Amino acid sequence: PYVFLFFDSEENVWKLCEQVKKTRIDELNKCYAVFVSNEGRTVPLWRQKAGRGDDQVVIWDYHVFFMHNPSPNRCLVFDLDTTLPFPTYFHKYVTETFRSDLALRPEHHRFFRVISAETYLMEFSSDRRHMRRPDGSWIKPPPSYPPIQSNSNVHSLGDFICMSPGKGPGTVYSLSEFVQTFYKSPNVVAQQNNK
C-alpha cells in the first residue's frame, strides 16, 4: 500500500519510488522523480486540485511527480495533485498540465529536473523545514513517519528544486526538451523500428 500525504509531493514521490524498489525492483530503472520549477519559483500548472477557475490553474513554487517509462512509446505520469486520471499518459498530462510556454512570460517558463528513481532514493533528504512557519510551528501536521534522510545530507530539497544545469542530481530540461526526450509517438517508433 502506498502512503500518500496530499501535502508534500516530494515525499509522496519518494515513497512511490521506495514502493517500486520493494515490490517491482526490475522496473526501478524505468522510473523517475520529476521536479518542476524555475528561477523565480513561479510555475503555472493547469488541471490541479488546488487550482482555481474552469482550467484549475495554480502557480506553484515547485511541483514533483513520478514517471514510469517502460518503453519508448509508453510513459505514464503519477501526480496526486492533478485532476486528470491517475496515472495519465505522458502526452495527455503534459498537454493539459503545462500547455505551452509560448503564451507565458519568460519568467513563468517551466524547467524539469528528471532524476532516476534509484538516485532519488539515495540522494534526497528533507528535515521538513519548508513545512514550518517562521515561528517553528507546522503549517499542517507532518507525516507520521520520520523525515527522509540520505547518508550525506540533512536537507537536500534545494538541490532538487534548483533548475541550473550542472548543479544538483539528474538532468534539467526545458519544456520542449522534456517532451522530446520522453514522448515518442507510436508512428515515430514504428518508423525507427523499420529502418
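Please read these numbers as outputs of a predicted model, since none were measured by experiment. (Residues numbered from 1 in each chain as written. Predicted model: local features only at pLDDT ≥ 70, side-chain atom pairs only at ≥ 80, totals over all residues. Heavy atoms only, no water.)

Chemist: Explain the sheet that holds strand E5 (residues 74-78) to me, please; I cannot follow it from the model alone.
Modeler: Within a sheet, neighbouring strands are paired by backbone hydrogen bonds and run either parallel or antiparallel to one another. In space, the six strands of this open sheet follow the order E6-E5-E4-E1-E7-E8, with antiparallel pairing throughout. With one partner strand each, in any of the chains shown, strand E6 (88-89) and strand E8 (171-174) form the two edges of the open sheet. Sheet analysis places strand E1 (residues 31-37) next to strand E4 (residues 63-71), joined by six bridges and oriented antiparallel. Looking at E4, one finds that Val34 is bridged to Phe65. Here helix H5 (residues 175-182) sits on the sheet and contacts E1, E4, E5, strand E7 (111-116) and E8; the angle it forms with E8, its principal contact strand, is near 110 degrees. (Pairing = 2+ DSSP bridges. Helix = DSSP H or I, 4+ residues; strand = E, 2+ residues; numbered from the N terminus. Contact = heavy atoms within 4.5 Å. Axes fitted to C-alpha atoms, helices over the stretch in contact; angles between N-to-C directions.)

Chemist: Looking at this structure, I do not really get the packing of aromatic side chains. What am I missing?
Modeler: Remark: the centre distance and the inter-plane angle together describe each pair of aromatic rings, the angle taken between the planes. Summed over all chains, the structure comprises 19 aromatic pairs. When the ring of Phe90 is compared with that of Phe182, the centres are 6.4 Å apart and the planes differ by 45 degrees; the resulting orientation is tilted. Here Phe90 is found in helix H2 (residues 90-97), whereas its partner Phe182 is found in helix H5, with 92 residues between them in sequence. Per residue, the accessibility class of Phe90 equals that of Phe182, and both read buried. Among the aromatic residues, those joined into a cluster by ring pairs are Tyr32, Phe65, Phe90, Tyr93, Phe98, Phe112, Tyr173, Phe178 and Phe182. (Phe/Tyr/Trp six-rings, centres within 6.5 Å; stacked < 30°, edge-to-face > 60°. Buried < 20%, exposed > 50% of the residue type's maximum accessible area, 1.4 Å probe, protein only.)

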